[in-house]
Amino acid sequence: MPLFKKYNIHPMKQLFRKLHLWLSVPFGIIITLICFSGAMLVFEDEVSQWFNPSLYRVEKVGDAPLPVEQLAARAAATLPEGVEVQGVTIFPDPERACQVSLSKPRRAALFIDQYTGEVKGRSERLPFFTTMFSLHRWLLGSRPDDGGIFWGKIIVGTSTLLFVIVLISGVVIWWPRSIKGLRNSLKLKIRNSRLWHSLHVAGGMYVLLLLLVMALTGLTWSFGWYRTGFYKAFGVELQQNGGSGSRGGGNGNHANGGNHSGRSGNHRGGKPQTDDKFLHWQKVYETLAASNPDNISITISSGSATVANNHFGNTRGSDRYKFDARTGEITESNAYADLPKSGKIRGWIFSTHTGSFGGIATRILWFLAALLGATLPITGYYLWIKRLVKHKH
C-alpha cells in the first residue's frame, strides 16, 4: 500500500508533502549549516569584545581624552608606507577605545587609547567568526579570481530559496483543520514517543515567520535579479552599479567590530600624513557631540563626518555632515530622517535580516529562531528515516 494512501492524505497535501521531502533531503544539511552559522554571527560584536577586552577597552579612564587630531596623528605615525588614516570613530562609552579606520586593506582598522594615545592593536575578526561568516554566505567557498562561477554563493542562495518553499509546504502539510488541532500542534510533547515529531512540527510553526523573514532578506545578497525585484517591491530602483541610488545607507557597522571607514578619497598613498590633514577634527567632534548627545558613535574624516544614532528599524542609519577643513565649520548636513527610501533600504534589509532593528530583545529572538531553524532538517531526517524503516516492515 502506498505510504500516502495509507495515511489517507488529501491529494494537495500529498503533493506538498512530496515537494517538502524532495527538497529537504538533498538540501537539508546545507540549510542547517546556513541557519547555525547565522545564529553564531548574531552576537559577534559582544563575543569579540569579551574575548579581547585589551583591544576594545582602555585600561584606565583618564581626566580628559586627547584631541581627535592628535589621536589620528599618533596612529598615522605607526603605519607602514602606503597606509593612511581615513577616519577616527569615537564612542560615547568612556571605557571604549577609539577606532581608527585605515586606507587598506579593506575594512582595516586599529584601536587607540584616547587618554594615553597608545595604539592598542589592529582590529581582526576572530577565526571562528571568519569561518562562520564564510559558511553562512558562501559555504566556505571563495570568489574565483578569473571571474568564474561563484559556486558557494550560488549553492547558498539556491538552498535559501528552496528553504522558503520547504517552510511554506511544511505549513500546508501540518496545518490542522481546527483551532483545537492547532493548539495541539503547537504543544511540545517532550515526555512521549512523539518528541521528534513535536520538535519538527511545533518548532517549525513557532519560528516560521522569522525564518521566512531571514530567508527573504538574505536572498538579496545572493541573486541580482532577486535584489532588483525586492527593491522594486519597496519602490526603490536599483542602479546599474548595484547601488540603491544613495550614499546615506548606513554607518558601516560591520560584524568585525564596527569599522566606520569615513573614506574621503583625498589620501595620497606613499606620502606620510601630516597633522594638517587632521586639523579641526576635535572641533568638529565637539560640535556634533553637543548636538547629538544620544549618539552611538561619531566618525570624523577629511572634510566629512557621520553620526550613528539609534534609528529604530535601521542600525546602519546615520546623519552625514561636511565641514570646511580650514575652519572646522559645518557646511552641509544630511539627516537620516530626510533620506529617500533608496538611502535606507540596505540598512533596513541588514537590520531585519540580523534582528538588530529592535535592540537586544529582537537579536535574542532571531538567535533562537535561527538555532531552532538549524534543527528542523535534522528532526526531519529522523522522521523520514523512521518512516522508511517502518514502511519496510
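What you are looking at is a predicted structure, and each value in this text was computed from that prediction instead of being measured.

K.L.:
Please provide a residue-by-residue account of the confidence of the model for the chain, values included.
P.N.:
Atom-level detail of predicted coordinates should not be read off regions where pLDDT is low. Residues at a pLDDT of 70 or more form 87% of the chain, whose mean pLDDT is 87. Long-range and interchain partners of residues 1-7, a stretch whose pLDDT sits below 50, account for 9 contacts in this model, where long-range means more than four residues apart. Every residue in residues 245-271 is under pLDDT 50, and counting partners more than four places away or in other chains gives 83 contacts.

K.L.:
Describe the packing of helix α7 (residues 151-174) against helix α9 (residues 195-218), and please don't skip the residues or the numbers.
P.N.:
Axis separation between α7 and α9 bottoms out at 10 Å; the angle between their running directions is 135 degrees. Taken together, the axes of α7 and α9 lie oblique to each other. Crossing angle aside, the handedness with which α7 passes α9 is left-handed. Counted together, T160, F163, V164, L167, I168, V171 and W174 of α7 and H197, H200, V201, M205, L208, L211, L212, A215 and L216 of α9 form the full contact between these two elements. Counted by class, the contact of α7 with α9 contains 13 nonpolar, 3 polar and no charged residues.

K.L.:
Lay out a positive patch on the surface with the relevant residues and their values.
P.N.:
A surface patch of like charges, here positive, comprises R194, K386, R387 and K390. Along the chain, the position of K390 falls in helix α13 (residues 360-392).

K.L.:
Describe the side chain of Q282, naming the residues involved and giving the relevant values.
P.N.:
Along the chain, the position of Q282 falls in helix α11 (residues 281-291). Judged by relative accessible area, which is 18%, Q282 ranks as buried. Reaching out from Q282, the side chain makes a polar contact with the backbone nitrogen of V68 at a distance of 2.8 Å. Ignoring any residue separated from it by four or fewer positions in sequence, one finds Q282 in contact with L66, P67, V68 and E69.

Calculation rules
- Residues numbered from 1 in each chain as written.
- Predicted model: local features only at pLDDT ≥ 70, side-chain atom pairs only at ≥ 80, totals over all residues.
- Heavy atoms only, no water.
- pLDDT = per-residue confidence, 0-100.
- Contact = heavy atoms within 4.5 Å.
- Axes fitted to C-alpha atoms, helices over the stretch in contact; angles between N-to-C directions.
- Helix = DSSP H or I, 4+ residues; strand = E, 2+ residues; numbered from the N terminus.
- Parallel < 35°, antiparallel > 145°, perpendicular 65-115°, else oblique.
- Left-handed = near helix turned anticlockwise from the far one by under 90°.
- Nonpolar A, V, L, I, M, F, W, Y, C, P; charged D, E, K, R; others polar.
- Patch = residues over 30% accessible without salt bridge, like charges linked within 9 Å, V, L, I, M, F, W, Y side chains within 5 Å.
- Areas by Shrake-Rupley, 256 points an atom, 1.4 Å probe, with all protein chains shown as cover.
- Salt bridge = Lys/Arg side-chain N within 4 Å of Asp/Glu carboxyl O.
- Lys, Arg positive; Asp, Glu negative; His and termini not counted.
- Charge placed at Lys NZ, Arg CZ, Asp CG, Glu CD.
- Buried < 20%, exposed > 50% of the residue type's maximum accessible area, 1.4 Å probe, protein only.
- Polar contact = N/O pair within 3.5 Å; in protein donor to acceptor, adjacent residues only side chain to side chain.

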